[in-house]
Amino acid sequence: MDFELTRLQKEVQKKAREFALREFSKETALELDESYTFPHAIWKKACRSGLVGVHFAREYGGQGWGVTENILIVEELCRGDSGIGIALSLADFSSEVVLRFGSPEQKQKVLIPVARGESISAGAYTEPDHGSDITLLFTTATKQGDFFVINGTKTFITNGTCADFFVVLCQTDPDAKPSYRGQCTLLVEKGTKGFTATEIKPKMGIRMTSTAQLSFSDTKVPLSNLIGEEGKGFYQVLEFFDESRIEIAAQALGVSQGAFDRALDYVKNRRQFGKKLIDFQTTQHKLAEMATKIETARLLTYKAAWNYDQKRIDPKLTSMAKMHAGRTAVEVTEEAVELLGGYGYLNEYEVERFYRDAKITEIYEGTREIQKNTIASYLTGKHK
Ligand SMILES: Cc1cc2nc3c(=O)[nH]c(=O)nc-3n(C[C@H](O)[C@H](O)[C@H](O)COP(=O)(O)OP(=O)(O)OC[C@H]3O[C@@H](n4cnc5c(N)ncnc54)[C@H](O)[C@@H]3O)c2cc1C
């Protein structure tokens, strides 16, 4: 057993940490959060610094690194700032579906601009009536000549109003039994006729990331926009979740650590009853519990990433990491607000934003209950 990061991993971690310290500021984060604005300038710099798409092959603009290197970056960026970090880490959301299943032409077209900071990606799976359960979809894609014609609505789509292309999960065969065998993923580009995106807000957190409702009305895309094979879309998305859930766990981990750092800093300076807050044993116990939860989440997340990179895909472990890290983020950020007292409730003291940004890590990419269902299905052998 070896719990050490490799030299490369330590370097990557340091680079991401230094980037966040240099490029993020409290003032910018407050402004972007309040105005629901994507951190465009910082995202461009992050791409130029080689911090986005590092897990893409070199020929497609990446560094050819693994999920582990990628999640170390995500953790550090989210530690630097929950809102900016999450927005940057989701800028390449769902490109992995193209990376894993796309044709060489699709990879060239899609992945290189994403890694260069010239394009933002999105993945559209959820529908108004199908969230946790995407085994049957109302968004249909029908073949007509050289095109698929898409009709339907997707909701809660991250990067919806700013993405340049979307991976859209559609039902191609509504009569397939079981229904999920009749699905496919299609690439849809921004500006395609019959396709519109409408921002959904106000919302609790991750306000620098757009969340949108997508509408498809006789939207035509060429047959060549099919990713992989027809009938395999559902399976592709599940495989994508095996990786993306580890990334969400890393977001949660970074948000937890960032809130902890700020709370620790605060209690070292704030005085009440003639002592510093850190000198109360209650405060020390709170810090000890927060740090223990974070470390447990880190171990699970790193192990899930390491397993993935060893090609030992383990959906049970991935779900454990996401579920535990997400819960940790909510609990640790809440405790951080508590440690700052009334100041913790003000935007200016940052932990307020970390608290709001934490909750989503328990919702998207499968809720806590869905992670438990996955874990239980592997424990009981029902996944087969
Ligand atoms: C800000 C934001 C960004 C998002 N980004 C994206 C995106 O980029 N792409 C995308 O496709 N989707 C995205 N989503 C959607 C997200 O993945 C779904 O909201 C989530 O999967 C839950 O689906 P739902 O909202 O329909 O809730 P429901 O599925 O209706 O669930 C409601 C409640 O019932 C519980 N529940 C459901 N089924 C079961 C069950 N079998 N057993 C026990 N409990 C159950 C759930 O855990 C939950 O507590 C995003 C959502 C948000 C809020």
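Within the secondary structure layout, E365 lies in the loop between α11 (351-358) and α12 (368-380). No salt bridge forms around the buried E365; measuring N to O, its nearest opposite-charge neighbour R245 is 5.3 Å away. Discounting chain neighbours no more than four positions away, the residues touching E365 are F93, F240, F241, S244, R245, I248, K322 and Q371.

This next bit is on the pattern of salt bridges. Scanning the entire structure with this criterion turns up 26 salt bridges. A salt bridge links K154 to E127; the shortest N-O distance between them is 3.1 Å. Within this pair, whereas K154 is found in strand β3 (residues 147-158), its partner E127 is found in the loop between β1 (121-124) and β2 (140-144), the two being separated by 27 residues in sequence. Both residues of the pair, K154 and E127, belong to the buried class.

Right, let's talk about helix α4 (residues 67-80) for a bit. End to end, α4 covers 20 Å across 14 residues, agreeing with the expected 20 Å (1.5 Å per residue, within 8%). For α4, the buried fraction is high: 12 of the 14 residues fall into the buried class. Regarding α4, the residues found buried are V67, T68, E69, N70, I71, L72, I73, V74, E75, E76, L77 and C78.

Next up on the list: the site of the ligand. Among the 20 residues in the neighbourhood of the ligand, the closest are listed as T126, S132, F156, T367 and E369. G123 places a main-chain nitrogen or oxygen 2.9 Å from a nitrogen atom of the ligand. When the ligand is considered free in solution it has 980 Å² of accessible area, and contact with the protein chains removes 65% of it. Where the shell around the ligand is concerned, the elements lending two or more residues are β1, β3 and α12. A per-class count over the shell around the ligand returns 10 nonpolar, 8 polar and 2 charged.

Moving on: the pairing of β3. With 5 bridges connecting them, β2 and β3 associate as antiparallel partners. Directly across from T140, in β3, lies its bridge partner N151. A loop of 2 residues connects β2 with β3, the two strands running antiparallel in sequence, and G145 in this loop sits at a positive phi of about 60°. Here 9 bridges tie β3 to strand β7 (residues 211-222), and the two strands are oriented antiparallel to one another. Bridging from a neighbouring strand, I157 pairs with A212 of β7.

In this section: the state of the cysteines. This structure, assessed with the given rule, holds 0 disulfides. Cysteine C184 shares no disulfide, and the gap to the nearest cysteine sulfur, in C170, comes to 5.3 Å. For C184, a relative accessible area of 0% corresponds to the buried category.

In this section: the packing of helix α8 (residues 233-269) against α11. Between α8 and α11, the least distance of the axes is 10 Å, while the angle of their chain directions is 160°. Here α11 runs roughly antiparallel to α8, going by the angle between their axes. Pair α8 / α11 crosses with left-handed handedness. Where α8 approaches α11, its residues V255, G258, A259 and R262 are matched on the opposing element by V351, F354 and A358. In terms of residue class, the contact of α8 with α11 is built from 5 nonpolar, 1 polar and 1 charged.

So, about the pairing of β1. Every second residue of β1 is oriented toward a common face, with S121 and G123 on one face and A122 and A124 on the other, all of them buried. Examined bridge by bridge, β1 and strand β4 (residues 165-171) share 4 bridges and lie parallel to one another. Across the sheet, residue S121 finds its bridge partner in β4, namely F165.

Judged by nonpolar contacts, the single largest core of 68 residues is most densely connected at V98, Y125, V167 and M290. For this core, the elements supplying multiple residues, two or more each, are α4, α6 (95-101), α7 (104-116), β4, α8, α9 (281-309), α10 (315-339) and α11. The greatest single-element share of this core, amounting to 16 residues, is contributed by α8. Discounting residues that sit within four places of it in the chain, M290 has contacts with F260, A263, V332, E335, A336 and L339.

The angle between the axes and the distance between the axes are what describe a pair of packed helices. Running from N to C, α10 and α12 cross one another at 150°; their axes reach a closest spacing of 9 Å. Taken as axis vectors, α10 and α12 run roughly antiparallel relative to one another. In terms of crossing hand, the pair formed by α10 and α12 is left-handed. Between α10 and α12, the contacting residues are P315, K316, S319, M320, K322, M323 and R327 on the first element and R368, Q371, K372, T374, I375, Y378 and L379 on the second. Split by residue class, the contact of α10 with α12 holds 6 nonpolar, 3 polar and 5 charged.

Criteria and cut-off values
- Residues numbered from 1 in each chain as written.
- Predicted model: local features only at pLDDT ≥ 70, side-chain atom pairs only at ≥ 80, totals over all residues.
- Heavy atoms only, no water.
- Helix = DSSP H or I, 4+ residues; strand = E, 2+ residues; numbered from the N terminus.
- Buried < 20%, exposed > 50% of the residue type's maximum accessible area, 1.4 Å probe, protein only.
- Lys, Arg positive; Asp, Glu negative; His and termini not counted.
- Salt bridge = Lys/Arg side-chain N within 4 Å of Asp/Glu carboxyl O.
- Contact = heavy atoms within 4.5 Å.
- Expected span 1.5 Å × (residues − 1).
- Near = heavy atom within 4 Å.
- Polar contact = N/O pair within 3.5 Å; in protein donor to acceptor, adjacent residues only side chain to side chain.
- Areas by Shrake-Rupley, 256 points an atom, 1.4 Å probe, with all protein chains shown as cover.
- Nonpolar A, V, L, I, M, F, W, Y, C, P; charged D, E, K, R; others polar.
- Pairing = 2+ DSSP bridges.
- Disulfide = S-S within 2.5 Å.
- Axes fitted to C-alpha atoms, helices over the stretch in contact; angles between N-to-C directions.
- Parallel < 35°, antiparallel > 145°, perpendicular 65-115°, else oblique.
- Left-handed = near helix turned anticlockwise from the far one by under 90°.
- Core = buried A, V, L, I, M, F, W, Y, C linked by side-chain atoms within 4.5 Å.

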